[in-house]
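Remarks on the overall topology
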Amino acid sequence: MSALTTALAGQWADRLARAGLCDPGQGLVACLDDDLAFSRPSSHQALVAACIDRLGVGCVILAPPAEPHRTILEFLAAREAPAIRPRDCETRTFFHDIPVIGEATPAAVVAALARRKGAYLPGVGILAHGALSPEQAFVTVSSVAFAGFVKFFADHLAAARAGTLDAAARTAFAAAVAKLPPPPTEVPPLARGPFADRESVLAAMAEAGRATVELGLVDSVFGNISYSLDGVLAISQTGAALDDLVGGIDCVPLDGSSCAGLTASSELGAHTALVRLDSRRAILHGHPRFAVILSMDCAAQDCAQRDACHVACPRERFVDDVPIVPGEVGCGPRGLVHTMPPALAADGGRRGVIVCGHGVFTMGADDFGVALADLCAIETLCRTRYFQALGTFPL
Amino acid sequence: MDQPSAHILFLDLATGACRREPLSPARRHADGGGRSLAGACFLAAQPDGAAGRFDAPATPVCLFPGGLAGYGLPGASFATLVGRSPHTGGVLTAAVPGGLGHGLARAGLAGLVLTGRAAQPNILVLDGRGARLIPAGALAGQGTRAVFAALAPWLGAVAVGPAGWSGSLLAMAVADGVHPVGRGGSGLLLAAKNLLAVVVTDGLAPHPAFVINPAKAGGTADSADVPELAGPADPAGPADAPGLAGVADPAGLAAARAAMLRLIDASPALAGPCGFGRFGPAALLDLTAGRRMLPTRHFRQTFFAQADQVSAPRLEALYAPRAVGCPGCPVPCRRVSATGAVLPDNDALSHLTALLGLADPHLAVAANTICLDLGLDPPGAAAALAFFAEVAGREPRPEMILDGLSALAREGAGATLSPLAVKGVALPGFDPRGAYGLALSLAVGTSGPDPWGGLCLAHELLRKPVATDRFTFAGKARAVFLGENVVAAAGAFGGCPYCTLAVGLEEWALAVAAVTGVPTCAGDLARLGERTVVRERLLNAQAGMDAAADQLPGLFFSQAGSSGDGINVAPLSRPDFLAARAGYYRLRGLTETGAPTDERASALELPCLR
C-alpha cells in the first residue's frame, strides 16, 4: 500500500510541474493511507507531516511556485499579509482569501489551513490540503497561482492609472514580466466538423480541451466545453480536467427529459441557453489570464457599483469588438447564464464574450477550430491592450 | 455562541411542569445548537445515565433548532429531533426540515427537552401566548394532512400520523405537511410522549415560559404573564425576531450569507438546470439508474430498465408541481401538485418504483402522498412490501400497494420489515455495491443508513468537491470520517444536508463568527462535528450496540448487481469492507467494537463509557 501511495504522491508532483505550477522535482506531495508517503525527500517533511496529522486530512501539497508565480506571490504576500484578497471570480466564489503564513511552524501553518483550503508561506511556497484526494489540493494550488497572477497584474494597471506605483511594485512587475511565457503564436489544427456521431463529438471535445490547456488558455481544472448534436448537448462534467476529458463528458438531452446533467459543468445552464439562441454548435470556455485581468480594469472610479462590477456593472464595456459582461458562476439570479448568452449570440453571433473577472466564451459553427482560434486571439488582443494601457510595448 | 436570549425549555408532559434554563455561552460555544446540542442535552438528561426504552416516560426527546436557524441564512433553518431509537435502543437523530427550527429560534428557544408521557394526546403550541399544551382530541389518529390543516397557519410544525399511534416501527414524523423527518421511527418518539404535534405559530413570545398542565388543558392562559407582540414575525429575516440575539457583525453575516448563496448558485446539483431546485432530490434517480446502482426488485438487481418512465422530469411533466422549501432556501426541493399530492424524493421514488419493480409514476406519487398522510416512512414501507412479495415468491402487484401501505400503518410494531437494513432501517435508494464509500457510511451511520451522513454521494456520484473512484475502499474511511464531521457540524447550526454539497465549514465559520463575535474557523467546527458523532457513538455503546450494528446485510457481499454498459457491479469484498471499517474506527477513536475510547472521549470533553 505504501508503494502505491508513494506513486500517487509522485504522480501529482509531476502534474504540478506539467501545469507550470512548480519547477520539475520541486513540488512536495504528501499522501496518507495506512502510512504517510512523500513524493520526494524534503527538509519540509516534518512540517507537512504535522499538518496532515493535526488537520486529519489525507493529503497536503507544498508547492514552491515556478516563475513568474514566485515573484508575484512573494510580492503580494509582503504587501498584503495577513491575507491576499484577490477579486477574480474563482476566489470570490470558492476561496474568500489566501492567508499569508507568518512563520514556518506547524502551529502557524495548521492555523491557516484550518481556516482556508490553501495558504502562502513566504519563501517556501503554496500550501494546500485535500481531505479526499491530492486532486483537491492540486486544484487549490492552481487556483492560488491563478488568483495571484490576476490580482498582481490587475492591481499594477490600476495603480499605474492612479499614479500610485512605487519602486518595489515596478521592480516586481519588471521581474514578473521578464518571466512571462510568450503568447501563443500558432493554434493547432483540430478535427473538422460537423460531427455526425457521438464518438466523433467526444473525440473532438477531448482534442480541443487538450489544445486549450496546452496553449495556456485555461488551467486544466477550470473551463468547460460542449457540442450540440441531434438534441443532445455533450458537455464536460463539473470538475473535469479539460486536458483529460475521456470519461468526463455528460450527454444531456436538451428537451429536459433527463437529469443526466446533474454532474455537468456549473455552466450547463449557460451552454443550453446559448444553444437556444445561437445556431453554432461548439462552445468553448477558458480562463485566459490577460482577458480576465483586462476585464477587471475600469476607469470609472466614481461608479456606485465599483465593488460589485463582477455582478452589477451598469456599463456596456468592450475590448475592441469583444463585450465584457458581469455574472457569477452558475444559474443564480446574478449568474452569467443571464448575461453571457445574449451577448455572445448578438449581432448574428460574436466571436467571443469576456465574463468580468472570470473568463472567455467562444463558439464554432460546426467544430472547435474557430472557437479555439478566437479564444487565443482574444487573449492575445487583451495582452496587447494591457501593455498598451501601461504605455509599454506589447509582449 | 453568546445568545443571551436563548433558553432550553424542559417540559414534563405527565405533569405539565416546566422550567426554562438559559443556555450558557460556554455550552453554546462547545455545541452550537441543533444536532450537537440536542445530543448533549439528551445524554445529560438520561435517567441515571443509563439507557432505557425509547418509550419509557423518563427517556427524553429533544427538539433543538440549529444554532443559526432564524438568521436568514440559506439552507440553515433545520431543527433536529433526538431520542432513543425504537429499533436499537441507541440514539435516533432526525433532521427536521421546514420552518420549525426557524420558528423555535425566533421564539428564543435553543431547544425543547420533553420527558414524561401526557395522559392524553396533546399538541404543544408555541405562540404569542407562550408555550401551551392543548388536547389533540379527535385529531389524534387522523392523517397528517388533516392535522396540518387544523394547525394552520404555522411558522413550522411537526406531526405524527396514524402509523405513530399504532406503534409502527416505520412511523415517521412529518414537518410542515411535506417534509419527511428522518427515518428509523421518528414518529414513535413523539407518539411515545402522547404528543401529536409541536407547532410554532406567528406572533411569537420572546420567552415562552409556561405550560398549562394537561389536566387543566382547555382552559385559558394567564395572559398577564405573557409578553404581547406588536405583530407577526417576518420569516425572511431576523430583524424583528423577538427571540433572536443580536448579531455581533451584521456586515460579516451578510458576507457569509452572500458567500453561501454564491456557492449554492454555483452548484450543479443544487441550482443547475437538472438540480434539486428544479426537480427536487428525485433528480438523483437518473444518476443511480445510469450508474447501475438503482436498487431494483428488493436489491436483487441494480438496474431498472423502466427508470426513465418514473424519473423526476417525467413526474414534473405529469404533475407540473409547485416548489415548496424551507424558509430562506434558494433551492426549494419539495414538489406539490395542484391537488396536494406530494411528489417523492429520491429514496421514496426509487423504492416505490424500482425496488418494487413497478414503473407507474402515478402510483409512486399516490403511495408517497399516502405514506406522508399516514406518517409512514415511504422507503421503509416500500422495502417491506418488496420483501413480502419476495418471500411470497411473486412480483408486487400495483393494485395492492396502497392497501399494503395502509396495512403497514395499522399493524404497528408487529409488521415484518425488510431485513436489508442497517440498525433496523431499510437501506435507501442507492445500492451499496455501486459506491464503496457510501457503503461504509451507510453501515456506520449512528442512527441508521443515511445516504447523506458521510457526504460520499458528493464525491462518488456528484463529483464534489472532486470526483473519487466509487469502486474502491481506498481513502474512503477518511472520507467518511471527515464527511460525517462536516454534516454533523452543519446540523449543529441548522444546515440542510443537501446544501452541504455546496456550503462548507469555511462559510459556516464565517457565519458563526459574525453572529457571535467569537473568532471561529473551519477546523473549530470540524471538531464540533467530531464531538457530535462520537457522542452519538457513546449513546449507542451505552445501549449495548457494537460492531455488529455497523454491518451491511450479507447479500451485498455475496451477490453481484446488474453489470452492463461497461460497468461491473461486483459484490462487495467483505475483507476490504472490514478493513475500511477498521480504518474508520481508528480515525474516529473507537475500539474494535465501535465504542469510543476513553482517550478520544476525554480529548473531546465527553464522558467516558461506563
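Residues numbered from 1 in each chain as written. Chains lettered and ligands numbered in written order. Predicted model: local features only at pLDDT ≥ 70, side-chain atom pairs only at ≥ 80, totals over all residues.

As annotated in an unreviewed UniProt entry, chain B carries the name Aldehyde ferredoxin oxidoreductase and is attributed to Solidesulfovibrio aerotolerans. Recorded in UniProt for chain B, the comment headed Cofactor (unreviewed entry) runs: "tungstopterin". (UniProt positions renumbered as here; feature names shortened; annotations may be inferred.)

Chain A has the name rRNA adenine dimethylase in an unreviewed UniProt entry, where Solidesulfovibrio aerotolerans is given as its organism.

**Considering the overall build of chain A**
Helices and strands together make up the secondary structure of chain A, namely 13 helices and 15 strands. For 395 residues, the compact-globule formula gives about 21 Å, and the C-alpha radius of gyration of chain A, at 21 Å, lands near that figure. Taken along the three principal axes of its C-alpha coordinates, chain A extends 60 × 55 × 40 Å. Taken over 395 residues, chain A has a buried fraction of 57%. Sequence separation of 24 or more characterises 61% of the internal contacts of chain A that already satisfy a separation of 6 or more. (Helix = DSSP H or I, 4+ residues; strand = E, 2+ residues; numbered from the N terminus. Rg over C-alpha atoms; globule rule 2.2 N^0.38 Å. Buried ≥ 20, exposed ≤ 12 C-beta atoms within 10 Å, placed from the backbone. Contact = placed C-beta atoms within 7 Å.)

**Quick word on the environment of A:Gly256**
Residues and elements named next belong to chain A. When you line up the elements, Gly 256 lands in the loop between β10 (249–253) and α9 (268–277). Its 16 C-beta neighbours within 10 Å are what place Gly 256 among the partly exposed residues. Considering only alpha carbons, one finds Gly 256 and Ala 159, 97 residues apart in sequence, at a separation of 48 Å.

**Points about the nonpolar core**
Core analysis: the largest hydrophobic core is formed by 355 residues, its most contacted members being A:Tyr120, A:Val141, B:Ala157, B:Val158, B:Ala197, B:Leu376 and B:Leu440. The element that contributes the greatest number of residues to this core is helix α6 (residues 134–162) of chain A, accounting for 13 residues. For B:Ala157, the contacting residues outside a window of four places in its chain are B:Leu100, B:Phe148, B:Leu151, B:Ala175, B:Asp176, B:Ala197, B:Val198 and B:Val199. (Core = buried A, V, L, I, M, F, W, Y, C linked by C-beta atoms within 7 Å.)

**Notes on the pairing of strand β4 (residues 79–84) of chain B**
Residue and element names in this part refer to chain B. Burial runs high along β4: six of the six residues are buried. Here strand β3 (residues 61–65) runs beside β4; their pairing, made up of four bridges, is antiparallel. Across the sheet, Phe 64 pairs through a bridge with Thr 80, a residue of β4. Hairpin connection between β4 and strand β5 (residues 91–96): a loop of six residues separates the two successive antiparallel strands, and Gly 89 in this loop has a positive phi of roughly 80°. (Pairing = 2+ DSSP bridges.)

**Examining the interface of chain B and chain A**
Between chain B and chain A, the residue contacts involve 37 residues of the former and 36 residues of the latter. Counting only elements with at least two residues in the side of chain B that touches chain A, the list comes to α7 (250–265), α8 (268–271), α10 (284–290), α11 (312–319), α18 (476–492) and α20 (522–542) of chain B. Ranked by the residues each element gives to the side of chain B that touches chain A, the list is headed by α7(B), at five residues. Here the residues of the side of chain B that touches chain A are counted per class, giving 23 nonpolar, eight polar and six charged. (Nonpolar A, V, L, I, M, F, W, Y, C, P; charged D, E, K, R; others polar.)

**Looking at the pairing of strand β8 (residues 130–135) of chain B**
All names here are of chain B. Alignment of strand β7 (residues 122–127) against β8, held across six bridges, turns out to be antiparallel. Residue pairing for β8: Leu 126 is matched across the bridge by Ala 131. A loop of two residues connects β7 with β8, the two strands running antiparallel in sequence.

**Details of helix α15 (residues 398–411) of chain B**
Residues and elements named next belong to chain B. Spanning 14 residues, α15 covers 20 Å between terminal C-alpha atoms, matching the ideal 20 Å at 1.5 Å per step. Packed against the buried residues of α15 are α5 (162–166), α13 (361–374) and α14 (378–392). Phi for Gly 412, located one or two positions after α15, is positive at around 70°. (Expected span 1.5 Å × (residues − 1).)

**With respect to the domain arrangement of chain A**
Residue and element names in this part refer to chain A. For chain A, the domain assignment lists domain 1 (2–178) and domain 2 (198–389). For domain 1 versus domain 2, the separation of C-alpha centres amounts to 27 Å. The interface of domain 1 with domain 2 comprises 16 residues on the first partner and 17 residues on the second. Elements with a contribution of two residues or more to the side of domain 1 that touches domain 2: α4 (89–95) and α6. Top element by residues in the side of domain 1 that touches domain 2 is α6. It accounts for 10 residues. Of the residues assigned to the side of domain 1 that touches domain 2, the class counts are 10 nonpolar, two polar and four charged. (Domains from an automatic or database assignment.)

**Comments concerning the sheet that holds strand β1 (residues 28–32) of chain A**
All names here are of chain A. Overall, antiparallel pairing links the five strands, which are arranged β2-β1-β3-β7-β6 in an open sheet. Either end of the sheet is taken by a strand with one partner, and the two such strands are β2 (36–38) and β6 (118–121). Here the strands of the sheet are splayed against their neighbours by 15° on average, with no regard to which way each runs. Sheet topology places β6 next to strand β7 (residues 125–130); four bridges connect them, and they run antiparallel. (Axes fitted to C-alpha atoms, helices over the stretch in contact; angles between N-to-C directions.)

**Examining the domain arrangement of chain B**
All names here are of chain B. According to the domain assignment, chain B contains domain 1 (7–215), domain 2 (280–419) and domain 3 (432–501 + 521–603). The distance between the C-alpha centroids of domain 1 and domain 3 comes to 27 Å. Residue-level contacts link 34 residues of domain 1 with 23 residues of domain 3. Counting residues per element, the ones that place at least two in the side of domain 1 that touches domain 3 are α2 (34–44) and β5. Element by element, the count of residues in the side of domain 1 that touches domain 3 is highest for α2, at seven residues. Of the residues contributing to the side of domain 1 that touches domain 3, the split by class is 14 nonpolar, 17 polar and three charged.

**Brief notes about α13(B)**
Residues and elements named next belong to chain B. Spanning 14 residues, α13 covers 20 Å between terminal C-alpha atoms, matching the ideal 20 Å at 1.5 Å per step. For α13, the buried fraction is high: 11 of the 14 residues fall into the buried class. Taken together, the buried positions of α13 are occupied by Pro 361, Ala 364, Val 365, Ala 367, Asn 368, Thr 369, Ile 370, Cys 371, Leu 372, Asp 373 and Leu 374. After α13 finishes, the residue Gly 375 shows a positive phi value of roughly 70°.

**Regarding unusual backbone geometry**
As a rule of thumb, non-glycine residues mostly have phi less than zero, and peptide bonds are mostly trans rather than cis. The peptide bond linking A:Glu67 to A:Pro68 adopts the cis configuration, its omega dihedral lying at 10°. Along the chain, A:Pro68 turns up in the loop between β3 (59–63) and α3 (69–80). For the bond running from A:Ala81 to A:Pro82, omega is 15°, close enough to zero to count as cis. Here A:Pro82 is to be found in the loop between α3 and β4 (83–84). Of note in the backbone geometry, B:Lys423 takes a positive phi value of approximately 55° without being a glycine. Looking at the secondary structure, you find B:Lys423 in the loop between β15 (421–422) and β16 (425–426). The phi dihedral of B:Arg463 is positive, around 65°, even though this residue is not glycine. With respect to the secondary-structure elements, B:Arg463 resides in the loop between α17 (456–460) and α18.

**Some details on the sheet that holds strand β9 (residues 232–236) of chain A**
Residue and element names in this part refer to chain A. Judged by pairing direction, the sheet is mixed, and its eight strands sit side by side in the order β10-β9-β8-β11-β15-β14-β13-β12 without closing on themselves. The open sheet has two free edges, formed respectively by β10 and β12 (317–319), since each of these has just one partner strand. Within the sheet, the average angular offset between the axes of one strand and its neighbour, ignoring direction, is 25°. Note that strand β14 (residues 353–355) and strand β15 (residues 359–364) share three bridges and pair antiparallel. Bridging from a neighbouring strand, Val 353 pairs with Phe 361 of β15. Running over the sheet, helix α13 (residues 369–389) touches β11 (282–286), β12, β13 (322–325) and β15 and is turned about 145° from β15.

**Some details on the packing of α3(A) against helix α7 (residues 167–178) of chain A**
All names here are of chain A. Following both chains from N to C, one finds α3 and α7 inclined at 160°, their axes separated by 8 Å at the closest point. Put simply, α3 runs roughly antiparallel to α7. Remark: the crossing between α3 and α7 carries left-handed chirality. Between α3 and α7, the residues in contact are Thr 71, Ile 72 and Phe 75 and Ala 172, Ala 175 and Ala 176, respectively. When grouped by side-chain class, the residues that make up the contact of α3 with α7 number five nonpolar, one polar and no charged. (Parallel < 35°, antiparallel > 145°, perpendicular 65-115°, else oblique. Left-handed = near helix turned anticlockwise from the far one by under 90°.)

**Re the packing of α13(B) against α15(B)**
All names here are of chain B. Viewed as axis vectors pointing N to C, α13 and α15 meet at an angle of 10°, and their least axial separation amounts to 10 Å. Considering their axes alone, α13 and α15 lie roughly parallel with respect to each other. Each of Leu 363, Ala 366, Ala 367, Ile 370, Cys 371 and Leu 374 in α13 lies in contact with α15, whose residues at this interface are Pro 398, Ile 401, Leu 402, Leu 405, Ser 406 and Ala 409.

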